[in-house]
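# Remarks on the overall topology
What follows is each chain in one-letter form.
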Amino acid sequence: MATFVDQVTLHLQAGDGGDGCVSVRREKFKPLAGPDGGDGGDGGDIILVASTQATTLLNYHRSPHRSSDKGRAGMGDHRNGARGEDLELLVPVGTVVSSADGEVIVDFEHEGMRYVIAEGGMGGFGNARLASTKRKAPGFALLGTEGWSGDVRLELKTVADVALVGYPSAGKSSLIAAMSAARPKIADYPFTTLHPNLGVVASGQSRYTIADVPGLIEGASEGRGLGLEFLRHIERSSALLHVIDCATLETARDPLTDLERLKSELAAYPVPAGQTPLLERQQIVALNKIDVPEARELAEFVKPDLEEMGYRVFLISTVSHEGLRQLNFALAEVVERDRAARESEPAPERIVIKPRSVDRREFEVKVEGGSYGDTYRILGAKPERWLQQTDFSNDEAVGYFADRLQKLGIDEALIAKGAKAGASVTIGQSGRVFDWEPTMTSAAEVQVGNRGTDPRFDEADRATRAERKRQYHARMDAKAAARDELLEERELGKWTDDEGFEIRNGEE
Ligand SMILES: Nc1nc2c(ncn2[C@@H]2O[C@H](COP(=O)(O)OP(=O)(O)OP(=O)(O)O)[C@@H](O)[C@H]2O)c(=O)[nH]1
Ligand SMILES: [Mg+2]
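As the structure is a prediction and not an experimental result, all values here were calculated from the model.

### Some words on the overall build of the protein chain
The secondary structure content of the protein chain amounts to 13 helices and 22 strands. Burial analysis of the protein chain (508 residues in total) assigns 39% to the buried set. Considering only contacts within the protein chain whose residues lie at least 6 apart along the sequence, 70% involve residues at least 24 apart.

Next up, the structure:
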């Protein structure tokens, strides 16, 4: 049997969103008839899907880097960019997915469950979509945002119908080899089995799986030996088969004591919430190695006691195969009964789709000290996304960005945190630093501002840059001087939007 790959770290990169398009429709007698730039397409998601077609994580072990398609850019004439194709990754039922820092994200318990593990980026709006009565022909579009990228951990918990438990060298691997096509390593030293082995057993029409896990010893539930880690693999099994070595030469061991010790280890094992404690599952006892005469004697001697305790007991030998047929029938029966019982339970929710993250708190401002004075860091899904959507080489786009921030209440929040004019403000982890200038203009003023009116629509009184600057200054009141300074800086190659946000070039 192939090595049982049961853990792998995936490196995911969901597709970025496509950029929106800036375009103006041209007609014969109306060369500039209106904005018609289409939206960029969303990037494809990466979706994990639980499927019985997948049985191992081997593929992911071989190629752990996976990515989904990017969205295409929007085009003129209202043509939207195509959405990037989703990437579906099949994982075996029993796969548990956790984040890089170990938190369980999703547990694929049922066939058909789906989970968007990495969301594609959002396509940016084209300029057609950004037009409004105030901004008739935007000369900018929004950029696509980045798709999610990062690592997740997949762990496959063996989903076996029957789990073999017992001391090292009790004959668990020999039993799985005798009953199925699995060929695990078998040897006469403890802890021969280092990875769980899974075998498929046939009994008439029914098929069931048995898992052989490394031997358990006393203290296993506290982490002694190899057993604890592997108890996780039997969390989901229908039945436990205790394999007991009746031929051991160790004097401190006998079948009843072995069983009691193992049971106390299993009892101490904390199964995850919602799962049946290990010992509440069906338990069957196999007294092994009866091809050895002393072992057979011992087995026959303890059998009535075990039966009195309520167990079904089988005397077996993996060498002579004695007793294996009866054991097989009994296991198949238990598994079938358990399956029937589960089917009569209400069907579990099969489809899980990750809800889009909803950040109730829109943003927060963190004050960080630094050698050049305090920096105010704005954290929040919206402002961080808006930053990504902004084409900083386009003045109008920067202005739109500043408007959005202002409407979200960033200015008030900064003032509340004690920010003064000229304070350094940064958004998310981007590294872009802005010089903050509080916006004193009222909302009304912002709306009648000249931003967003495309000069190309305004041919008759198309103002020169200097003229517009003059008009602009004329409209300003007490803030004119301060703004003048900022504009001066713009001339020097620095970007400043109308709301007083300056983007220092070269500081990214
Ligand atoms: N005589 C006899 N020996 C057996 C029988 N079953 C297993 N053995 C021997 O017992 C030893 C241990 O067998 P394994 O099947 O490796 O035992 P295990 O329980 O898987 O051991 P770990 O993987 O260490 O937990 C080997 O030398 C086997 O040949 C049996 O029915 N009769
Ligand atoms: Mg073994």
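Having put the structure on the table, let's press on.
### Examining the sheet that holds strand E16 (residues 312–315)
With mixed pairing, six strands are arranged side by side in an open sheet as E12-E13-E11-E14-E15-E16. Sheet topology places strand E12 (197–203) and E16 at the edges, where each strand pairs with a single neighbour. Averaged over all pairs of adjacent strands, the angle between strand axes in this sheet comes to 25 degrees, irrespective of strand direction. Bridge count between strand E11 (residues 162–165) and strand E13 (residues 206–212): three bridges; the pairing is parallel. Of the residues in E13, the one forming a bridge with leucine 164 is aspartate 212. The strands touched by helix H6 (residues 293–308) are strand E15 (282–288) and E16; relative to E16, the strand with the most contacts, the crossing angle is about 170 degrees.

### Some points on the sheet that holds strand E4 (residues 46–50)
Sheet strands pair via backbone hydrogen bonds, and the direction of the pair is either parallel or antiparallel. Pairing in this open sheet of three strands is mixed, and the strands run E6-E4-E9 from one edge to the other. The strands lining the two open edges of the sheet, one partner per strand, are strand E6 (87–91) and strand E9 (114–118). Along the sheet, successive strands turn relative to each other by an average axial angle of 30 degrees, direction set aside. Pairing of E4 with E6, which is carried by five bridges, proceeds in the parallel orientation.

### A word on helix H7 (residues 324–344)
Spanning 21 residues, H7 covers 30 Å between terminal C-alpha atoms, matching the ideal 30 Å at 1.5 Å per step. Within H7, burial applies to Leu327, Asn328, Leu331, Ala332, Val334 and Val335. Summarising the axial view, the buried residues of H7 lie within an arc of 165 degrees, below the 170-degree limit, and thus occupy one face. Residues of H7 that are exposed and point more than 90 degrees away from the buried face comprise Ala340, Ala341 and Ser344.

### A word on the packing of helix H8 (residues 381–389) against helix H9 (residues 395–408)
Relative to each other, H8 and H9 sit at 175 degrees, their axes nearing to 10 Å. Here H8 lies roughly antiparallel to H9, going by the angle between them. On H9, the residues that touch Lys382, Pro383 and Trp386 of H8 are Phe401, Arg404, Leu405 and Leu408. Split by residue class, the contact of H8 with H9 holds five nonpolar, no polar and two charged.

### Remarks on the site of ligand 1
Surveying the vicinity of ligand 1 reveals 24 residues, the closest of which are Gly171, Ser173, Ser174, Thr193 and Gly215. For the shell around ligand 1, the element with the highest residue contribution is helix H3 (residues 172–179), accounting for three residues. Looking at side-chain class alone, the shell around ligand 1 contains nine nonpolar, eleven polar and four charged residues.

### Some details on the nonpolar core
If you look at the biggest cluster of nonpolar residues, it comprises 46 residues, and the most contacted ones within it are Val162, Ala163, Leu164, Ala286, Leu287 and Leu331. Residues contacting leucine 331, with those up to four places away along its chain left out, are Val162, Tyr208, Ala239, Leu241 and Ile284. Grouped together as the second largest cluster of nonpolar side chains are 26 residues, Phe125, Leu143, Ala397 and Trp436 included.

### Focus: the environment of serine 174
Turning to its location among the elements, serine 174 is positioned in helix H3. In this structure the C-alpha to C-alpha distance between serine 174 and serine 317, which are 143 residues apart in sequence, comes to 9.4 Å. Setting aside residues up to four positions removed in sequence, serine 174 forms contacts with Ile186 and Thr318.

### What to know about the environment of alanine 73
Within the secondary structure layout, alanine 73 lies in the loop between strand E5 (65–67) and E6. Given 25 C-beta atoms within a 10 Å radius, alanine 73 is considered buried. A C-alpha to C-alpha distance of 8.0 Å links alanine 73 and glycine 17, two positions 56 residues apart in sequence. With sequence-adjacent residues up to four places away left out, alanine 73 is seen in contact with Gly18, Asp19, Cys21, Gly40 and Gly81.

### Let's talk about the pairing of E15
Extensive coverage of E15 is indicated by the burial of five of its seven residues. As paired strands, E15 and E16 are joined by four bridges and run parallel to one another. Within the sheet, the bridge partner assigned to valine 285 lies in E16 and is valine 313. Note that the unit made of E15, H6 and E16 has a crossover that is right-handed.

### As for the confidence of the model for the protein chain
A residue-level look at the protein chain finds 76% of positions with pLDDT of 70 or above and a mean pLDDT of 79. Considering only residues more than four positions removed or in separate chains, one finds that residues 1–5, a stretch of pLDDT under 50, has 13 contacts. In the model output, the complex is listed with pTM 0.57 alongside ipTM 0.98.

### What to know about unusual backbone geometry
Among all residues save glycine, negative phi is the norm, and among peptide bonds the norm is trans. With phi around 60 degrees, histidine 78 is a residue other than glycine that occupies positive phi space. On the neighbour-count criterion, histidine 78 (17 C-beta atoms within 10 Å) is partly exposed. The phi angle at lysine 289 is positive, at roughly 75 degrees, despite the residue not being glycine. Tracing the sequence through the fold places lysine 289 in the loop between E15 and H6. Judged by the 26 C-beta atoms lying within 10 Å of it, lysine 289 falls in the buried class.

What counts, and where the lines are drawn
Residues numbered from 1 in each chain as written. Chains lettered and ligands numbered in written order. Predicted model: local features only at pLDDT ≥ 70, side-chain atom pairs only at ≥ 80, totals over all residues. Helix = DSSP H or I, 4+ residues; strand = E, 2+ residues; numbered from the N terminus. Buried ≥ 20, exposed ≤ 12 C-beta atoms within 10 Å, placed from the backbone. Contact = placed C-beta atoms within 7 Å. Pairing = 2+ DSSP bridges. Axes fitted to C-alpha atoms, helices over the stretch in contact; angles between N-to-C directions. Expected span 1.5 Å × (residues − 1). Arc of directions from axis to C-beta. Parallel < 35°, antiparallel > 145°, perpendicular 65-115°, else oblique. Nonpolar A, V, L, I, M, F, W, Y, C, P; charged D, E, K, R; others polar. Near = placed C-beta within 6 Å. Core = buried A, V, L, I, M, F, W, Y, C linked by C-beta atoms within 7 Å. Right-handed = clockwise from strand over helix to strand, strands pointing away. pLDDT = per-residue confidence, 0-100.

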